[in-house]
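For reference, the chains in residue letters:
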Amino acid sequence: MITAAVVLQLLILAGALYDTARLGASSGGRRPVWPRRRRRRAALEAAEGHLVRQRLRGRIDAAVYRERMRTIADGQRPRAGRHF
């Protein structure tokens, strides 16, 4: 019984040391996923705002607006250009 408790405590200690070492180690040039997603979402939101401004100013018609908004909803940046 005591042997099992000692083994479990050693495993817990080893796991804690491993986690501490991983947190202290540098990421080695890897970039976290969340900032990339945040930048991508911000870029799509900026493209959406630009598209809305174009539509409100009458620079694009309704069909082009719908097509480009569908592209943004699919997670892609719409291609630039004027289509009447």
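Model, not experiment: these values are computed from the prediction.

1. Let's talk about the packing of aromatic side chains
- For the structure shown, the criterion picks out 0 aromatic pairs.
- Looking at Arg-37, its charged tip hangs above the ring of Trp-34, at a distance of 4.9 Å from the centre.

2. Quick notes on the nonpolar core
- If you look at the biggest cluster of nonpolar residues, it comprises 5 residues: Ala-47, Leu-51, Ile-60, Val-64 and Ile-72.
- When residues of this core are traced back to their parent elements, those giving at least two are helix 2 (33-56) and helix 3 (62-73).

3. Quick look at helix 3
- Taking 1.5 Å of rise per residue, the 12 residues of helix 3 would be expected to cover 16 Å, and the 16 Å separating its terminal C-alpha atoms lies within 8% of that figure.
- Every buried residue belonging to helix 3 is among Val-64, Arg-68 and Ile-72, and all of these are buried. Buried residues of helix 3, seen end-on, are gathered within an arc of 75 degrees and therefore sit on one face of the element. In helix 3, the exposed positions angled more than 90 degrees off the buried face are occupied by Arg-70 and Ala-73.
- At the C-terminal side of helix 3, Gly-75 shows a positive phi close to 90 degrees.

How each quantity is defined
Residues numbered from 1 in each chain as written. Predicted model: local features only at pLDDT ≥ 70, side-chain atom pairs only at ≥ 80, totals over all residues. Heavy atoms only, no water. Phe/Tyr/Trp six-rings, centres within 6.5 Å; stacked < 30°, edge-to-face > 60°. Lys NZ or Arg CZ within 6 Å of the ring centre and 35° of its normal. Core = buried A, V, L, I, M, F, W, Y, C linked by side-chain atoms within 4.5 Å. Buried < 20%, exposed > 50% of the residue type's maximum accessible area, 1.4 Å probe, protein only. Helix = DSSP H or I, 4+ residues; strand = E, 2+ residues; numbered from the N terminus. Expected span 1.5 Å × (residues − 1). Arc of directions from axis to C-beta.

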